[in-house]
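Geometric and topological summary
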Amino acid sequence: MTLTLILHACKEINVIVICTAIRYIYRWACLTYFSDRDMTLKILHIAPFFHGGVGTVALNLTKRFVEMGHEVVLASPAEIPVEIKEAVKYYRIRKPHLKDPFYVIQFHGLNYEKIKGILRLEKPDVILTHGPLVLTVSKATRSIPIFSIVHGTYANEVKWMRYYPMSGFEKIIYITSIGTTYYMDMAIYRHVTRQDNAYLIAVSKNTKQELVKAKALNTKIFPILNGVDKKVFKPINKDHARSLIEEAFKRGLIILGAGISALRIQPPLVIKEEHIDI
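If you're wondering where the values come from, they're calculated on a predicted model, not measured in any experiment.

Calculation rules
Residues numbered from 1 in each chain as written. Predicted model: local features only at pLDDT ≥ 70, side-chain atom pairs only at ≥ 80, totals over all residues. Heavy atoms only, no water. Helix = DSSP H or I, 4+ residues; strand = E, 2+ residues; numbered from the N terminus. Buried < 20%, exposed > 50% of the residue type's maximum accessible area, 1.4 Å probe, protein only. Pairing = 2+ DSSP bridges. Salt bridge = Lys/Arg side-chain N within 4 Å of Asp/Glu carboxyl O. Phe/Tyr/Trp six-rings, centres within 6.5 Å; stacked < 30°, edge-to-face > 60°. Lys NZ or Arg CZ within 6 Å of the ring centre and 35° of its normal. Bend = angle between axes of the 7 residues up to and from the residue. Contact = heavy atoms within 4.5 Å. Patch = residues over 30% accessible without salt bridge, like charges linked within 9 Å, V, L, I, M, F, W, Y side chains within 5 Å. Areas by Shrake-Rupley, 256 points an atom, 1.4 Å probe, with all protein chains shown as cover. pLDDT = per-residue confidence, 0-100. Core = buried A, V, L, I, M, F, W, Y, C linked by side-chain atoms within 4.5 Å. Axes fitted to C-alpha atoms, helices over the stretch in contact; angles between N-to-C directions.

Let us now look at unusual backbone geometry. Backbone torsion omega between aspartate 100 and proline 101 reads 10 degrees, so that peptide bond is classified as cis. Tracing the backbone shows proline 101 in the loop between β3 (89–92) and α5 (103–122). The backbone of lysine 123 shows a phi angle near 50 degrees, a positive value even though the residue is not glycine. Note that lysine 123 resides in the loop between α5 and β4 (126–130). Backbone geometry places lysine 215, a non-glycine residue, at a positive phi of 80 degrees.

This is the structure:
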């Protein structure tokens, strides 16, 4: 069995689906070597940060891998979270200070040799990373299986950015930045999906469609929805949720229910003080 134990790492937050994909893809890629081995794995996880949506996924995956007994080697330019500090081996890699579209280029320049060195020292069974950081990893090894979670693309922004309520130099900078980032990312994904040991996990079917439309290799992309942490998010009575949504709408606020402990504001960042007491 290849990544059987990884499946159990994600039970309580439903990122088990990501691990399921890794298990079967990895087994398919390495069947001869691993078919008779029932073992824990050494996983090199290269994470950009541990805040926001991407960071939460990275942190939760790392914690679940550790809980199931895998040996996790973490490499990140971010400070290691306290809750996993004693549980993983940690390499601090250099943090890019440039923003998109130059972030990935600077990350590669700063960390390519460092990551190659980590691979030589640690000899991981599998590498997990995020988004276009897969470029650096794919250049560092062509033998170790690599999985990169693509958390989204800028396809919609590129489609609609001309209509954004901006003008002048500000709009020129925005369009240039978003457009260049999108086309660079898609070029990276096209390249790595043609490398034998690299695979992409898209967070939705739509994200996979966007990648395929950009000519990334369809057979190397696996759509897996992001999960929910069941310790944080609990079901809510549908009638009660509907009444909250309707009351918010009457006050000019559009929300979506997300259990008893959270909601989603549509569009984001428009909530006002008078909305809080709904």
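That was the structure; now back to the text.
Successive residues of a regular strand alternate their side chains across the two faces of the sheet. Of all five residues in strand β5 (residues 146–150), five are buried; the element is thus mostly enclosed. Every second residue of β5 is oriented toward a common face, with Ile146, Ser148 and Val150 on one face and Phe147 and Ile149 on the other, all of them buried. Across four bridges, the pairing between β4 and β5 is parallel. Considered in β5, the bridge of isoleucine 127 is made with isoleucine 146. Pairing of β5 with strand β6 (residues 198–202) involves five bridges; the strand directions are parallel.

Glancing now at the pattern of salt bridges. With the rule as written, the count across this model stands at six salt bridges. Close ionic contact of arginine 92 with glutamate 79 constitutes a salt bridge, the shortest N to O distance being 3.0 Å. Here arginine 92, found in strand β3, pairs with glutamate 79, found in the loop between β2 (71–76) and β3; they are 13 residues apart in sequence, far enough to count as distant. Looking at arginine 92, the relative accessible area reads 44%, which means it is partly exposed.

So, about the packing of aromatic side chains. Throughout the structure, instances matching the rule amount to three aromatic pairs. Their ring planes at 20 degrees and their centres at 6.5 Å tell us that tyrosine 103 and phenylalanine 107 sit as a pair that is stacked. Taken together, the residues tyrosine 103 and phenylalanine 107, both in helix α5 and four residues apart, mark about one turn of the helix. Between phenylalanine 147 and tyrosine 199 the ring centres are 5.4 Å apart and the planes differ by 20 degrees, which places this aromatic pair in the stacked class. Within this pair, whereas phenylalanine 147 is found in strand β5, its partner tyrosine 199 is found in strand β6, the two being separated by 52 residues in sequence. Its end group placed over the ring of tyrosine 199, lysine 220 keeps NZ or CZ at 4.9 Å from the ring centre.

Looking now at α5. The largest bend in α5 is about 55 degrees, located at asparagine 111. All of the buried residues along α5 are Val104, Phe107, Asn111, Ile115, Gly117, Ile118, Leu119 and Glu122. Those residues of α5 that are buried lie in contact with β1 (42–46), β2, β3, β4, α6 (134–140) and α8 (168–192). Immediately beyond the C-terminal end of α5, within one or two residues, lies lysine 123, with a positive phi of roughly 50 degrees.

The grouping of Leu98, Phe102 and Ile105 at the surface amounts to a nonpolar patch, some 300 Å² of accessible area in total. Tracing the sequence through the fold places phenylalanine 102 in the loop between β3 and α5.

Here the protein shows a mean pLDDT of 81. Residues at 70 or above account for 78%. Taken together, the stretch residues 1–14 has pLDDT below 50 and engages in 57 contacts with residues farther than four places along the chain or on a different chain. Note that residues 26–37 has pLDDT below 50 and, in this model, 21 contacts with residues that lie over four places away or in other chains.

Glancing now at the nonpolar core. Core analysis: the biggest nonpolar cluster contains 37 residues, and Leu44, Ile46, Ile127, Tyr189 and Leu211 have the highest contact counts within it. Those elements that provide at least two residues to this core are β1, β2, α5, α6, β5, α7 (155–160), α8 and β6. A total of seven residues in this core trace back to one element, the largest contributor, which is α8. Counting residues in each nonpolar core, the second largest holds 23 residues, with Ile43, Ala47, Val126 and Phe147 among its members.

With that out of the way, let us pick up the sheet that holds strand β7 (residues 221–223). A sheet is described by the order of its strands in space; here seven strands give the open sequence β3-β2-β1-β4-β5-β6-β7, paired in parallel fashion. In this open sheet, the two edge strands, each paired with only one partner strand, are β3 and β7. On average, each strand axis in the sheet is tilted by 20 degrees relative to the strand beside it, whichever way the strands run. By the bridge criterion, three bridges tie β6 to β7 in an arrangement that is parallel. In the strand pairing of β7, alanine 202 is matched with proline 223. Strands β1, β2, β3 and β4 of the sheet are contacted by α5, whose axis makes an angle of about 150 degrees with β3.

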